[in-house]
Structure formats: structure tokens, C-alpha cells
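# Architecture at a glance
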Amino acid sequence: MTATRRTGSTLDRSFGRETVSTTERRERIQRVFGAVAPRYDLMNDIMSFGIHRLWKRSLARRVVAVRGFVVDLAGGTGDVARLLASEGRCVVVCDPSLPMMHAGMRRGKGGLVWLAGEAERIPLGDASVDLLTVAFGLRNATQLERALVEIRRVLKPGGRFVCLEFSRPAPWLAPVYDLYSFLVIPRLGALVAQEPHAYQYLVESIRRFPDQQGFASLMEQAGFDEVRWENVSFGIACLHFGRRPGMQAGDNGSALSSTSSPREGAITLSGVGKSSSTS
Ligand SMILES: C[S@@+](CC[C@H](N)C(=O)[O-])C[C@H]1O[C@@H](n2cnc3c(N)ncnc32)[C@H](O)[C@@H]1O
């Protein structure tokens, strides 16, 4: 596998190896997650031997000090949001897939707020969020650069952004990883989720996403500062960190008392703005 730097624009029209229109791409991705939702969590555990849980915990540990209004974008079934839920935080799962969120809610709402919305049009007000996380979600965004600008827009000045995404593994690991990805994962997808094409899309979309440096550059172009990344599991996945420039989040009062509300058009499954326990 090459360590090609890909920009977001190469993602816009790709569905796996196919070239499709942006509308078609968005619709197909919606269908993929609609189809895999009931078995999504189980498949994650099987495919990664449970390691995705360690990666997600690692993300959660890095942001333990941040309080206030927390959004887990592309939050799916709420795995990461559950790890982020703690005293002093209001945690929102934001995802365009209602089936994914419903599958998550069946595990218990966990004191989380569930909000329908896409990364390219985050249904939240400007400068309203103290911490925004996204795990294995941004490669599904049809307009990656726009999504990054949106993330920066909703963050308060000084607010933190952490992205966990598959990346480029160390060269010694790449051949084994590629074999496993292309031979084993789609077969597991067929066996466990009865959705081989969905998992074929997954492995191909990983290759289309920018590598470590490429994504860091996109973050800088979108106006983040303190941009850095840390590989996990030898670069199979990567934690990207950034901050919206400006005053530290929380300096101007409690984020939980933020006056921001979902933008028009958002479908709130479990009302943002309602008082909600986060534990
Ligand atoms: C691989 S799942 C990750 C779910 C969860 N973050 C996790 O780590 O388990 C990708 C998620 O991205 C969501 N998604 C797809 N297109 C999106 C978009 N344009 N903006 C935000 N999320 C999107 C899907 O609905 C799906 O829930």
C-alpha cells in the first residue's frame, strides 16, 4: 500500500473503487449504514478482535480534562459517546443514520442526547461546542473539507477536535494488513452481517482517506491550530488533534449553559436542550 496523500476532493466521488456522483455516494453510504446497523457493533468486535475498543478508550483518555458541551460526530451507535459521558459534560451523538442511532439506543440511551445530522451541515450553532470527536466517520463525509470547516465553526474558540480514523500502517505491517482487509473482512461481512459489499466499501474507503500528514494538512487549511497526530497500532489507526484558535473553552462560563440550539432541519431524537444526565 502506498502512503499517497489524498485530499478530501478524491473522496467526493468515490464509492470504494467506483466513481459516482456526490449525491449517489451520499445515498449509498446511507444505505450501507442502514443495512449494517443491527450487526454493526458485533462486526466491529469480530473484525478488530475487540481492538477498536482500546482505540476508542485511548481517544476518551486524551480528552478527560475537557468539560462542557461535547459532540461525537458520526457517532453511530454511541460507542465513543458512552466513553465520553461523565460529570460536567453534556454529550451529543450526532449521526445522519437513524438506524445506527436506533441500534445504539437499544443498548440504552446512556444519558446521551441523540441528534440526526451530517458532518457537512452540523445542526448546531456557531461556537457552541467545547469538544468535538469523530471516530471512523469522516471518511464517509462526501465533502471532507467542508466537514472540517463545519467542525471548526461549531467549536468554541479554544475548543478541541479529536478525530480517530484508519490511516496508513507501518510499511512492514502493510502487506499483512492489506491481505486481511481485502480477503478476510468482506467475507466476515458476508458471514456475520450478510453485507459483503458494505464491508468491501469499508476497506476501500479507508484507502481513499488522506494519510496522517495529508489529513493534518487539511485540518490546518480548515483553520485549526495545535494540529498533531499519534499513530495507534502502528498506524492502522491514527488520533488527530486540533484546536479552534482563540480563548480556551470554558473561560466564558459553563458550556452546559450554552444558548446554542439545533439548527433548523435537525431531527432531534432525544432533545438537545432538555436537561440530560450524562452518567
Ligand atoms: C464506521 S461508523 C462509525 C460509528 C462510530 N463513530 C464508531 O466508531 O463506532 C461511520 C458513521 O458515519 C456516519 N456517517 C455517514 N455519512 C456521514 C456524514 N456525511 N456525516 C457524518 N456522519 C456520517 C454513518 O452513519 C456511521 O454511523
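Since this is a predicted model, take the numbers as computed values, not measurements.

Counting secondary structure elements, the protein contains nine helices and ten strands. Counting only residues that meet the buried cut, the protein has 48% of its 279 residues in that class. Long-range pairs, those at least 24 residues apart, make up 70% of the contacts in the protein with a sequence separation of at least 6.

Bringing the pairing of strand S3 (residues 68–73) into the picture now. Consecutive residues of a regular strand have side chains that alternate between opposite faces of the sheet. With six of six residues buried, S3 is to be regarded as a mostly interior element. For S3 and strand S4 (residues 89–95), the ladder comprises six bridges, and the chain directions are parallel. Bridge pairing in S4 links Val 71 to Val 92. In this fold, the crossover linking S3 to S4 by way of helix H4 (residues 79–84) has right-handed handedness. Bridge count between S3 and strand S6 (residues 129–135): four bridges; the pairing is parallel. Bridge pairing in S6 places Val 70 opposite Leu 131.

Here we come to the packing of helix H7 (residues 174–192) against helix H8 (residues 196–208). It is the contact of H7 with H8, at a shortest axis distance of 7 Å, that shows an interaxial angle of 145 degrees. In the crossing of H7 with H8, the sense of the turn from one axis to the other is right-handed. Listed contacts from H8 to Ser 181, Phe 182, Ile 185, Pro 186, Leu 188, Gly 189 and Ala 190 of H7 are Pro 196, Ala 198, Tyr 199, Gln 200, Leu 202 and Val 203. Its residues placed into classes, the contact of H7 with H8 shows ten nonpolar, three polar and no charged.

Moving on to the confidence of the model for the protein. Model confidence for the protein is summarised by a mean pLDDT of 85, while 85% of its residues fall at 70 or above. Contacts for the low-pLDDT stretch residues 1–8, under 50 throughout, to residues beyond four places or in other chains number 22 contacts. Low confidence marks residues 251–279, where pLDDT is under 50. Its contacts with residues over four positions away, or in another chain, come to 58 contacts.

What follows concerns the site of the ligand. Around the ligand, a shell composed of 21 residues is seen, among which Ala 74, Gly 76, Ser 97, Ala 119 and Asn 140 lie nearest. A breakdown of the residues in the shell around the ligand according to their chemical character gives eleven nonpolar, six polar and four charged.

Following both chains from N to C, one finds helix H2 (residues 40–48) and H7 inclined at 145 degrees, their axes separated by 11 Å at the closest point. Judged by the sense of rotation from one axis to the other, the crossing of H2 with H7 is right-handed. Between H2 and H7, the residues in contact are Leu 42, Met 43, Ile 46 and Met 47 and Ile 185, Leu 188, Gly 189 and Val 192, respectively. Taken together, the residues that form the contact of H2 with H7 break down as seven nonpolar, one polar and no charged.

On to the environment of Lys 56, then. Mapped onto the secondary structure, Lys 56 falls in helix H3 (residues 51–62). Distance from Lys 56 to Leu 83, taken between C-alpha atoms, is 7.9 Å for residues 27 residues apart in sequence. Contact partners of Lys 56, with chain neighbours within four places excluded, come to Asp 79, Val 80, Leu 83, Ala 135 and Leu 164.

With that settled, the discussion passes to unusual backbone geometry. Notably, Phe 49 is not glycine yet its phi reads approximately 55 degrees, a positive angle. Of note, the phi angle at Glu 226 is positive, near 50 degrees, even though the residue is not glycine.

Buried residues of helix H6 (residues 144–154): Leu 144, Ala 147, Leu 148, Glu 150, Ile 151, Arg 152 and Val 154, and no others. Considering only its buried residues, H6 is in contact with S6, strand S7 (155–166) and helix H9 (212–221).

Here we take up the nonpolar core. Counting residues in each nonpolar core, the largest one holds 79 residues, and the members touching the most others are Val 91, Val 92, Leu 132 and Leu 164. Setting aside anything within four residues of it in sequence, one finds Leu 164 in contact with Trp 55, Lys 56, Leu 59, Ala 135, Phe 136, Ala 237 and Leu 239.

Now for the environment of Ala 170. Note on placement: Ala 170 falls in the loop between S7 and H7. A tally of 12 C-beta atoms within 10 Å means that Ala 170 is categorised as exposed. Residues Ala 170 and Ile 236, 66 residues apart in the sequence, show an inter-C-alpha distance of 7.8 Å.

With respect to the element layout, Gly 111 can be found in the loop between helix H5 (98–106) and strand S5 (113–116). Between the C-alpha atoms of Gly 111 and Val 92, which are 19 residues apart in sequence, the distance is 9.4 Å.

Strand S9 (residues 237–243) sits mainly inside the fold: six of its seven residues count as buried. Two elements, S7 and S9, share seven bridges in a ladder whose sense is antiparallel. Bridge pairing links Arg 160 to Arg 243 in S9.

Rules used throughout
- Residues numbered from 1 in each chain as written.
- Predicted model: local features only at pLDDT ≥ 70, side-chain atom pairs only at ≥ 80, totals over all residues.
- Helix = DSSP H or I, 4+ residues; strand = E, 2+ residues; numbered from the N terminus.
- Buried ≥ 20, exposed ≤ 12 C-beta atoms within 10 Å, placed from the backbone.
- Contact = placed C-beta atoms within 7 Å.
- Pairing = 2+ DSSP bridges.
- Right-handed = clockwise from strand over helix to strand, strands pointing away.
- Axes fitted to C-alpha atoms, helices over the stretch in contact; angles between N-to-C directions.
- Left-handed = near helix turned anticlockwise from the far one by under 90°.
- Nonpolar A, V, L, I, M, F, W, Y, C, P; charged D, E, K, R; others polar.
- pLDDT = per-residue confidence, 0-100.
- Near = placed C-beta within 6 Å.
- Core = buried A, V, L, I, M, F, W, Y, C linked by C-beta atoms within 7 Å.

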